[in-house]
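Chain residues, written in single-letter form:
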Amino acid sequence: MQIDELLKSMVNKGASDLHLTVTSPPVFRIDGELTPQDELPPMTAKDVELVLEQITTQDQRSALDREWELDCIYTLPGLARFRVNALRQRGVISLAFRFVPFYIPSIDEWGLPQILKDLILRPKGLILVTGPSGSGKSTTLAAMLSHLNDNATRSVVTIEDPIEFVFRNKKCLIRQRALGGDTKTFATAVIHALRHDADVIVIGEMRDLETVSAAITAAETGHLVLGTLHTVDAPQSIDRIIDVFPYGQQQQIRTQLSQVIEAVISQALLRRTDGGRIAAFEIMLASETIKTRIREAKIFEIPVTIEVSRPEGMQTLDQALADLVKRGTVKLEDALTKSRNPVKLRRFLQSEAELMAR
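Residues numbered from 1 in each chain as written. Predicted model: local features only at pLDDT ≥ 70, side-chain atom pairs only at ≥ 80, totals over all residues. Heavy atoms only, no water.

J.: Even after reading the chapter, I still don't get the nonpolar core, so can you show me in this structure?
T.: Among soluble globular proteins, nonpolar side chains are generally buried collectively. Among the nonpolar cores identified, the biggest contains 71 residues, and Ile203, Leu226, Ile238, Leu257, Ile261 and Met284 are the most heavily contacted of them. Sequence-distant contacts of Leu226, defined by excluding residues within four places in its chain, comprise Ile120, Ile127, Leu141, Met144, Val200, Ile201, Val202 and Ile203. (Core = buried A, V, L, I, M, F, W, Y, C linked by side-chain atoms within 4.5 Å. Buried < 20%, exposed > 50% of the residue type's maximum accessible area, 1.4 Å probe, protein only. Contact = heavy atoms within 4.5 Å.)

This is the structure in structure tokens:
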């Protein structure tokens, strides 16, 4: 199995992912759909092991033997980088490849919300980019950093697992650290980024108390901190940050978070009606009302606050989905699968239809 040829085919067909699993032919994910490459034979355990040997070092294979899972990057010169995850299932190896282009499209090229340009240029605070796995969080962060790199002079430290998009210094000085290769933990790396004269710190995943605590401290001390969470909307993101702390500390964290939070950007990927995929974004900005909701533990009121704050640049995911459906960019049935409140989504669409009928 020549993995390079398979990866070239993956890119040519516009696939975002490649799965190599024993007893199955190679499977591409194209426009969000799993597409078996039935013209190729099913993979054997030996096939997958040979691919693993082609794309990893001996140290990486030793780590896989020790930990039973592995995250790494494989680069195919002249084509792209690929984030690779290896794991054991039923005693054999399974591999998943995620396409990471060399070129980093801009916020405009990706069609991302314009508010991201303003957010990434802010001098301090905490910005959360959230969404399910595979929803495009890394791409959004990369586009934001690219905009910063083109428009401001900042010292930037990223902590990633693994490093995906590779940046070339323009106006910014960017240091990219890989978990496991350059640093042992996210939390330790954040602390040392402060000592490394960083203006901007990017945290690949805020997954534990130590990392969240370090991120809030960094934001409090005048740094701009960007982090990702595997949460589906702004209220859940705020709750996740607070709930990681012991109960006795949560009121203090609510107060601290209300003081440093700048925005929560939550996204979901959908199939376009004309092919390809597009992201829908929920945007929560830290207005005084939002800060009060966080401080007073009234997280359940945040969705309504976002919904009525569209003139300020906010929108709920359901409002974003309704806009995409109204423009004919996505189908209603696809929007409903991503909706947090399908009844409200239908109500948004019905209200718009009624207004147009008048």
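Having seen it, we continue.
J.: Looking at this model, I keep getting lost on the packing of helix 8 (residues 209–220) against helix 10 (residues 250–260). Mind explaining?
T.: Each packed pair of helices is defined by two parameters, the angle between the axes and the distance between the axes. For the pair helix 8 and helix 10, the least separation of the axes is 10 Å and the interaxial angle reads 50°. By the angle between their axes, helix 8 is oblique relative to helix 10. Where helix 8 crosses over helix 10, the two elements pack in a sense that is left-handed. Every residue of helix 10 that contacts helix 8 at Ile216, Ala219 and Glu220 is listed here: Ile253, Gln256 and Val260. Split by residue class, the contact of helix 8 with helix 10 holds four nonpolar, one polar and one charged. (Axes fitted to C-alpha atoms, helices over the stretch in contact; angles between N-to-C directions. Helix = DSSP H or I, 4+ residues; strand = E, 2+ residues; numbered from the N terminus. Parallel < 35°, antiparallel > 145°, perpendicular 65-115°, else oblique. Left-handed = near helix turned anticlockwise from the far one by under 90°. Nonpolar A, V, L, I, M, F, W, Y, C, P; charged D, E, K, R; others polar.)

J.: Just checking my understanding: could you explain the environment of Arg175 for this structure?
T.: Tracing the sequence through the fold places Arg175 in strand 9 (residues 173–178). In this structure Arg175 comes out as partly exposed when scored by relative accessible area, which is 21%. Here Arg175 is in contact with Ser155, Val156, Val157, Thr158 and His196, once residues within four sequence places are set aside. At 2.4 Å, the side chain of Arg175 and the side chain of Ser155 are in polar contact. (Polar contact = N/O pair within 3.5 Å; in protein donor to acceptor, adjacent residues only side chain to side chain.)

J.: What's the story with the pairing of strand 6 (residues 92–100) in this structure? I'm lost.
T.: Here strand 1 (residues 15–20) runs beside strand 6; their pairing, made up of four bridges, is antiparallel. Residue Leu20 lies in a different strand from strand 6, and its bridge partner there is Leu95. Relative to strand 6, strand 5 (residues 80–89) is paired through nine bridges, and the arrangement is antiparallel. The residue bridging Ala86 from the neighbouring strand is Leu95, located in strand 6. Taken together, strand 5 and the strand that follows it, strand 6, pair antiparallel across an intervening segment of two residues, in which Arg90 is found at a positive phi of about 55°. (Pairing = 2+ DSSP bridges.)

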